[in-house]
Amino acid sequence: MMKFLKIKPTVGLLSIPYSLIFIFFFFIPLTLTFIISFWDYNEYSIIPDFIFENYSYIFKDCFNFEKDMCVTFKTYLSTFIFCFVTWFFTLIIGFFVAYFLAFYVNSITWQIVLFLLCTIPFWTSNVIRMISWIPLLGRNGLVNDFLLSTGLADAPQEWLLYSGFSIVLAFVHLYTLFMIVPIFNSMMRIDKSIIEAAYDNGANGLQILWNVIIPLCKPGIVIGSIFVITVVMGDFITIGIMGGQQIPSIGKIIYVEMSYLQLPAAAANAVILLALTLLIIWIMTKMIDIRKEL
Amino acid sequence: MLNKKNKTYYVCVFFFCLFVLFLYGPTFTIVLLSFQGPDGGLTFPLNGVSTYWFKELWRGGSVVDIGSAFKRSIILGLIVMVLTVLLSVSAGLAFRKKFWGSDTLFFATVASLIVPSIVLSLGVALQFRLLDDLTKWLGSTFDINYINEFFQTTLGMFTSGLGAQLTWTLPFGLLIMFAVFNRFDKSYEEAARDLGATPWKTFKEVVFPLIAPSIIGIALFGFTLSYDELARSSQVMGAGNTLPLELKGLTTTVTTPVIYALGTVTTFVSFSVIGISIACYIWLKRKRG
């Protein structure tokens, strides 16, 4: 009896509550989404079945190349463009902010303070941060006032707000932090003597950046890219608010289908979106081991 | 070494300042505009300075019931915060050694951060819808009076809403714990154990004080991410909306600076929470050192 009681309660058991949350609110919901994407539905309810109509409807006319591009492909194409442009700008800006913090700020205290300065907006409301662009970019906004008063434009510029431009601007505004954090983390791990060695061997600043720092930051860049790309892929709120509800996205399609209670159709779209997202991540993680980077 | 005061240094400083301006500038504008005079509109110029729009917000004029949405968000945020701290700290402790399913759980954690939020929201909504159907079916099959008369839905802020938000906050908590334990000096713990401390006592007297500042960080993530969460919550809150959900609705309907006043208030709440957390963090660090 004593011996039985002495079996060491393993520390692993402490993960049970955490695991239960993920089983109940992550594994089961995603599995159900997959299953229900094959169900039938009418106006009131969803009906257990095994049909492919939800999928074939999504790709209706998509492989008829004589016609224009189908809605699904157009939407994905537009989402991919947003992904790419946002990725490009967040990477450039994020990299240089991290570079400044890691290599030009020498006191730890200042590093922490400036890093926090970049992080604090992440803890405030995204919606507020989006609508805060309205007084700047709107028809009577500050930017237009400036353009008109200096004569740089003779009419208010309409493309500043509720456009592709404002969407990308908001994405960059909201998510550059996702690049800064992992890249900064990678940079802080770079042994400073490597840089010194490169310097002593006559490499100039640009060469050090290109041949030493960027390769060593690759894991951070990949992690940041994964975050930015996935968050843009599934977005429907930023594109909705900053696009004036006029620009389509996959997330928005799912959202609208849900509001019409076309749940299996929404589920099919969700499955495709998830599969594509996972495919992109899978390709990117081929390059690094995430767990080592923490 | 990278020379400190060369031209690149100043370019970098300038670039960083621009970035900070870009981060905070817009928020600053709406704080400014929320003090717009009563005749003012959504853009500059300021027509006088007043607290008119805050009073308007307080009265609830033209805006849905913001007060109760605000209260709901705070309560939910606090619950998410407590659960995030408890669950991610305990899971973090477990993860210090490999255990059955640890790789899967780690994969789920990372996957949860990158799964499109709308997909997760849809999944949880579907799950609770099926749960509703099941409950109703049970009620009618076994003639359970309570269900037949009173049951409406399992979907709600403290069931599906809470769960969906946890899938967003817990990964941050666990990743912070990983970062902490990767840099953790095990010798203090071993010393305690050598001196005969039980595992619980070792945790309470040695490990906990060492990780306490980081726990503040986890709490901060738990509260603020829940308080502002929108995408995952969008389909699963049931009858009562949280503040961000109401706000999103207001962006298309409200055309007065009331929305800026609300923005100023929520931003103020976020900043207070961040300030308090940072103060606690520094205090704990000092106390230890």
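Residues numbered from 1 in each chain as written. Chains lettered and ligands numbered in written order. Predicted model: local features only at pLDDT ≥ 70, side-chain atom pairs only at ≥ 80, totals over all residues.

A. Expanded view of the overall build of chain A. Looking only at helices and strands, chain A features 15 helices and 2 strands. For 294 residues, the compact-globule formula gives about 19 Å, and the C-alpha radius of gyration of chain A, at 24 Å, lies well above that figure. For the C-alpha atoms alone, the extent of chain A along its principal axes is close to 90 × 70 × 40 Å. Put simply, of all contacts in chain A between residues at least 6 apart along the chain, 68% involve residues at least 24 apart. (Helix = DSSP H or I, 4+ residues; strand = E, 2+ residues; numbered from the N terminus. Rg over C-alpha atoms; globule rule 2.2 N^0.38 Å. Contact = placed C-beta atoms within 7 Å.)

B. Fine view of the nonpolar core. In this structure, A98, I180, I254, A267 and A270 of chain A together with L122 of chain B are the most contacted members of the largest nonpolar core, which totals 145 residues. The element that contributes the greatest number of residues to this core is helix 9 (residues 164–188) of chain A, accounting for 15 residues. Built from parts of two domains, this core gets at least three residues from each of domain 1 (29–63 + 254–289) and domain 2 (69–247) of chain B. Once you skip the residues sitting within four places of it in the chain, A98 of chain A turns out to touch I180, I183, F184 and M187 of chain A. (Core = buried A, V, L, I, M, F, W, Y, C linked by C-beta atoms within 7 Å. Buried ≥ 20, exposed ≤ 12 C-beta atoms within 10 Å, placed from the backbone. Domains from an automatic or database assignment.)

C. Quick look at the interface of chain A and chain B. Taken together, the contact between chain A and chain B spans 75 residues of the former and 75 residues of the latter. Per-element accounting of the side of chain A that touches chain B gives the leading share, 14 residues, to helix 2 (residues 16–36) of chain A. The residue inventory of the side of chain A that touches chain B, partitioned by class, reads 53 nonpolar, 19 polar and 3 charged. (Nonpolar A, V, L, I, M, F, W, Y, C, P; charged D, E, K, R; others polar.)

D. Focus on helix 2 (residues 52–59) of chain B. Residue and element names in this part refer to chain B. Three or more residues of helix 2 are buried, namely Y52, W53 and L57. Viewed along the axis of helix 2, the buried residues span an arc of 140 degrees, placing them on a single side of the element. Contacts from the buried residues of helix 2 go to helix 3 (66–94) and helix 11 (258–288). (Arc of directions from axis to C-beta.)

E. Region of interest: the packing of helix 15 (residues 263–285) of chain A against helix 5 (residues 117–141) of chain B. Close contact between helix 15 of chain A and helix 5 of chain B brings their axes to 10 Å; oriented N to C, the two are set at 140 degrees. Overall, the two elements helix 15 of chain A and helix 5 of chain B adopt an arrangement that is oblique. Considering how the two elements wind past one another, helix 15 of chain A and helix 5 of chain B form a crossing that is left-handed. For the pair helix 15 of chain A and helix 5 of chain B, the contacting residues are L263, A266, A267, A270, L273 and L274 of chain A in the first and V119, L122 and L126 of chain B in the second. The residue inventory of the contact of helix 15 of chain A with helix 5 of chain B, partitioned by class, reads 9 nonpolar, no polar and no charged. (Axes fitted to C-alpha atoms, helices over the stretch in contact; angles between N-to-C directions. Parallel < 35°, antiparallel > 145°, perpendicular 65-115°, else oblique. Left-handed = near helix turned anticlockwise from the far one by under 90°.)

F. The arrangement of unusual backbone geometry in detail. The backbone of L261 of chain A sits at a positive phi, close to 60 degrees, despite the residue not being glycine. For L261 of chain A, a count of 16 C-beta atoms within 10 Å corresponds to the partly exposed category. The residue D143 of chain B is not glycine, and still its phi comes out positive at about 55 degrees.

G. View of the environment of C12 of chain B. Assignment of secondary structure puts C12 of chain B in helix 1 (residues 7–33). With 72 residues separating them along the chain, C12 of chain B and T84 of chain B place their C-alpha atoms 37 Å apart.

H. A look at the environment of L261 of chain A. Note that L261 of chain A resides in the loop between helix 14 (250–259) and helix 15. Taking the C-alpha atoms as reference points, L261 of chain A and S45 of chain A, 216 residues apart in sequence, are found 7.9 Å from one another.

I. Seen up close, the domain arrangement of chain B. Residues and elements named next belong to chain B. With domains assigned, chain B is organised as domain 1 (29–63 + 254–289) and domain 2 (69–247). In this complex, domain 1 contributes 11 residues to the contact, which on the side of domain 2 involves 12 residues. In terms of residue class, the side of domain 1 that touches domain 2 is built from 6 nonpolar, 3 polar and 2 charged.

J. Summary view of the confidence of the model for chain A. All names here are of chain A. Residue-level pLDDT values for chain A average 87, and 94% of them are 70 or greater. Considering each helix and strand of chain A separately, the mean pLDDT is smallest for helix 1 (residues 2–5), with a value of 46, and largest for helix 2, with 94. A low-confidence stretch, residues 1–7 (pLDDT under 50), is modelled with 0 contacts involving residues beyond four sequence positions or located in other chains. (pLDDT = per-residue confidence, 0-100.)

K. Up close: the environment of A155 of chain A. Structurally, A155 of chain A can be placed in the loop between helix 8 (142–149) and helix 9. Taking the C-alpha atoms as reference points, A155 of chain A and G202 of chain A, 47 residues apart in sequence, are found 53 Å from one another.

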